[in-house]
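# Structural overview for review
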Amino acid sequence: MESKSARAFSLAQQYIPGGVNSPARAFAGVGGGPPFMSHGQGAHLFDIDGREYIDYVCSWGPLLFGHAQPRVVAALKEACDRGTSFGAPTQIETELARQVAALVPGIDMVRMVNSGTEATMSAVRLARGYSGRDKLIKFEGCWHGHGDSFLIKAGSSALTLGAPDSPGVPQGVAADTITLPYNDLDAVAEAVAQNQGQVAAIIVEPIAGNMGLVPPQPGFLPGLRQLATDHDIVLIFDEVITGFRVGPGGAQERFGVIPDLTCLGKIVGGGLPVGAYGGKRALMEHLLPVGQISQAGTLSGNPLAMTAGLAQLTMLAEDGVYQRLEEKAQKLADGMRYNLEKLGLDYQVEQIGGMLCLFFTATPIVDFTSVVTADTEAFKRYFWACLEGGVYLAPSQYECMFLSLAHSDQDIEQTLQVQYQALQAAH
Ligand SMILES: *Cc1c(COP(=O)(O)O)cnc(C)c1O
């Protein structure tokens, strides 16, 4: 009998391109159709066929405390009763901005937008407007949302769906984007020298999280900081994933390297559509209406979105949260390594804070080139076996697993059992 999800997917495909509002959800990277979800509770997801999963997608990162977290839900219900949007200032916007500035070292002032994509596009415009230069340096395999400038050798969805450069990006825009290998500081120094006085910004995921998980090599982030400072280039950390995931102050706090601008998204919205970008006052005050650089939004700073974000940020600032998250993630990563060893598989497991990735390759992971050595066919078999066993992973080798504080020891132990069998099934 055809499942309800299969029927729902067929219907969706009649009205929505590919049946999805974001390509990765279509499961194209693993073949077959996605389960349609009914609801979530804590670390668990339930589909419309009544199947239950331990969720390691967590809405692709935002749900640091799991689904339908009672404090977030209660705050939202209360906010709903007061009205869903005003298009006028509210105090909750200042409260969230204040909280973000208190937690993230590089942020004194912050603008709220509606997605991570908007945050990165706006940050780059600010960098260009401020510097009077056009060129942008980015890194192969990093994903900064779907802004034109970024759709050149971008990460996960591009990787999974085999479209490294999107049609529809004007040549002029593409020509202003310089794409370099991740972790290759010499390549950056060379590009900066060759484009003297023309580079507005360097944008980087301080921990790459969109080609699986690629940690920065020692010296890479400090080296970028030095080059940017020496050449008056705006250094932008895209912390849309890492912000509030690898620590309360993100990767910049963890590695002690402070960018000029920081982009946030995902966790900052507590599961509602929020992005944000911020930095030093002197830079941020180049934005309208104080300065001349344009950026606006009808629903930016939306009271429901701010409420969800603030509820989650308040919780994550409480004692011991990141220690518990790290312990859970380490337990999962160690368990995976143990399983691999038992099966005689020499695969790479990367883990930092509440994000991790199992790469189906023995090649050490440093950049895009090493990442794509992964055996994606084996990953597909593993993925379906995990799903069958009730473990919901992102449907691509090139995505991270995201943990939440709602994942219990029992969830993790059950996951490891399922993974062991799935790894066997994959080989
Ligand atoms: C998800 C993501 C974005 C884009 O955010 P959206 O809210 O999907 O537009 C940008 N940068 C990074 C690093 C991301 O992971």
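Below, the structure is looked at part by part. Small disclaimer: the values here were computed from a predicted structure and weren't measured. (Residues numbered from 1 in each chain as written. Predicted model: local features only at pLDDT ≥ 70, side-chain atom pairs only at ≥ 80, totals over all residues. Heavy atoms only, no water.)

### Some remarks on the sheet that holds strand β12 (residues 355-359)
Across the sheet, which stays open at both edges, the three strands sit in the order β11-β12-β14 with antiparallel pairing between neighbours. Strands at the two margins of the open sheet, each flanked by one partner only, are β11 (348-352) and β14 (401-402). With two bridges joining them, β12 and β14 adopt antiparallel strand pairing. In the strand pairing of β14, Leu356 is matched with Met401. (Pairing = 2+ DSSP bridges. Helix = DSSP H or I, 4+ residues; strand = E, 2+ residues; numbered from the N terminus.)

### Comments concerning the packing of aromatic side chains
Between two aromatic rings, the relevant description is the distance of the centres plus the angle of the planes. The full count for this structure, using the stated rule, is 13 aromatic pairs. Taken together, a centroid distance of 6.0 Å and an interplanar angle of 55° make the contact between Phe379 and Tyr382 tilted. Here Tyr382 and Phe379 lie together in helix α14 (residues 376-388), a separation of three residues that amounts to about one turn. Assessed through its relative accessible area of 6%, Phe379 is described here as buried. For Tyr382, a relative accessible area of 2% gives the class buried. Members of the aromatic cluster, each reached through a chain of ring pairs, are Phe27, Tyr347, Phe360, Phe379, Tyr382, Phe383 and Trp384. Positioned above the aromatic ring of Tyr420 is the side chain of Lys342, whose terminal nitrogen or guanidinium carbon lies 4.8 Å from the ring centre. (Phe/Tyr/Trp six-rings, centres within 6.5 Å; stacked < 30°, edge-to-face > 60°. Buried < 20%, exposed > 50% of the residue type's maximum accessible area, 1.4 Å probe, protein only. Lys NZ or Arg CZ within 6 Å of the ring centre and 35° of its normal.)

### Points about the nonpolar core
Of all hydrophobic cores here, the largest spans 62 residues; its most connected members are Tyr56, Val100, Phe244, Leu316, Leu332, Leu358 and Tyr382. Per-element accounting of this core gives the leading share, eight residues, to helix α12 (residues 321-342). Each residue touching Tyr56, except ones within four places of it in the same chain, is listed here: Leu332, Val391, Tyr392, Leu393, Cys400, Met401, Phe402, Leu403, His407, Asp411, Ile412 and Thr415. Counting residues in each nonpolar core, the second largest holds 42 residues, with Cys58, Ala251, Ile365 and Phe402 among its members. (Core = buried A, V, L, I, M, F, W, Y, C linked by side-chain atoms within 4.5 Å. Contact = heavy atoms within 4.5 Å.)

### So, the sheet that holds strand β2 (residues 44-47)
The strand order β1-β2-β3-β13 describes an open sheet built from four strands, whose pairing is mixed. This sheet does not close on itself; its edge strands, each paired only once, are β1 (37-41) and β13 (391-392). Pairing between β2 and strand β3 (residues 52-55): three bridges, direction antiparallel. Bridge assignment links Phe46 to a residue of β3, and that residue is Glu52.

### Quick word on unusual backbone geometry
The residue after Leu288, namely Pro289, is reached through a cis peptide bond having omega 5°. Inspection of the secondary structure assignment puts Pro289 in the loop between α10 (281-284) and α11 (303-316). One non-glycine residue, Asn183, lies in the positive phi region at around 70°. Structurally, Asn183 is set in the loop between β6 (177-180) and α7 (185-194). Among the residues examined, Asn183 registers a relative accessible area of 15% and is labelled buried. Of note, Phe244 is a non-glycine position whose phi angle comes to about 65°, a positive value. Assignment of secondary structure puts Phe244 in the loop between β8 (234-238) and α9 (250-255).

### Comments concerning the packing of α7 against helix α8 (residues 220-230)
For the pair α7 and α8, interaxial distance at closest approach is 10 Å and the crossing angle is 10°. With respect to each other, α7 and α8 are oriented roughly parallel. Taken as a pair, α7 and α8 cross one another with a handedness that is right-handed. Residues Leu185, Val188 and Ala189 of α7 lie in contact with α8, whose contacting residues are Phe220, Gly223, Leu224 and Leu227. Residues of the contact of α7 with α8, tallied by class, amount to six nonpolar, one polar and no charged. (Axes fitted to C-alpha atoms, helices over the stretch in contact; angles between N-to-C directions. Parallel < 35°, antiparallel > 145°, perpendicular 65-115°, else oblique. Left-handed = near helix turned anticlockwise from the far one by under 90°. Nonpolar A, V, L, I, M, F, W, Y, C, P; charged D, E, K, R; others polar.)

### Some points on the site of the ligand
Around the ligand sit Ser115, Gly116, Thr117, Trp143, His144, Gly145, Glu205, Asn210, Asp238, Val240, Ile241 and Lys266, and those are all the residues in its vicinity. Note that an oxygen atom of the ligand is positioned 2.6 Å from one of the side-chain N or O atoms of Thr117. The protein chains hide 83% of the 380 Å² of surface that the ligand would expose on its own. Residue composition of the shell around the ligand, by class: three nonpolar, six polar and three charged. (Near = heavy atom within 4 Å. Polar contact = N/O pair within 3.5 Å; in protein donor to acceptor, adjacent residues only side chain to side chain. Areas by Shrake-Rupley, 256 points an atom, 1.4 Å probe, with all protein chains shown as cover.)

### Some points on the layout of surface pockets
In this model, the second largest pocket occupies a volume close to 460 Å³. Looking at the second largest pocket, it is lined by 18 residues, and the ones nearest its centre are Val110, Arg111, Met112, Leu287 and Leu288. The set of elements that each furnish at least two residues to the lining of the second largest pocket consists of α3 (91-103), β4 (109-113) and α10. Ranked by residues supplied to the lining of the second largest pocket, first place goes to β4 with four residues. The residue inventory of the lining of the second largest pocket, partitioned by class, reads ten nonpolar, three polar and five charged. (1 Å grid on protein atoms, 1.4 Å probe; cavity = no way out; pocket = protein on both sides within 12 Å on 5 of 7 lines; lining within 4 Å. Points joined across faces, edges and corners; volume = space filled by probe spheres on them.)

### Re the side chain of Ser122
Mapping Ser122 onto the fold places it in helix α4 (residues 116-131). What Ser122 contacts, discounting residues up to four positions off in sequence, is Tyr277 and Gln295.

### What to know about the environment of Ala329
Within the secondary structure layout, Ala329 lies in helix α12. Distance in space between the C-alpha atoms of Ala329 and Val73 is 25 Å, their sequence separation being 256 residues. Excluding anything up to four places from it in sequence, Ala329 contacts Gln351, Gly353, Gly354, Leu356 and Leu403.

### Some words on the pairing of strand β7 (residues 199-204)
Most of β7 is tucked away, with six of its six residues classed as buried. Note: strand β5 (residues 135-139) against β7, three bridges, orientation parallel. Its bridge partner lying in β7, Ile137 is registered against Ile202. The pairing of β7 with β8 spans four bridges and is classified as parallel. Residue pairing across strands places Val204 opposite Phe237, the latter belonging to β8. Following the backbone out of β7, through α8 and into the adjacent parallel β8, one traces a crossover that is right-handed. (Right-handed = clockwise from strand over helix to strand, strands pointing away.)

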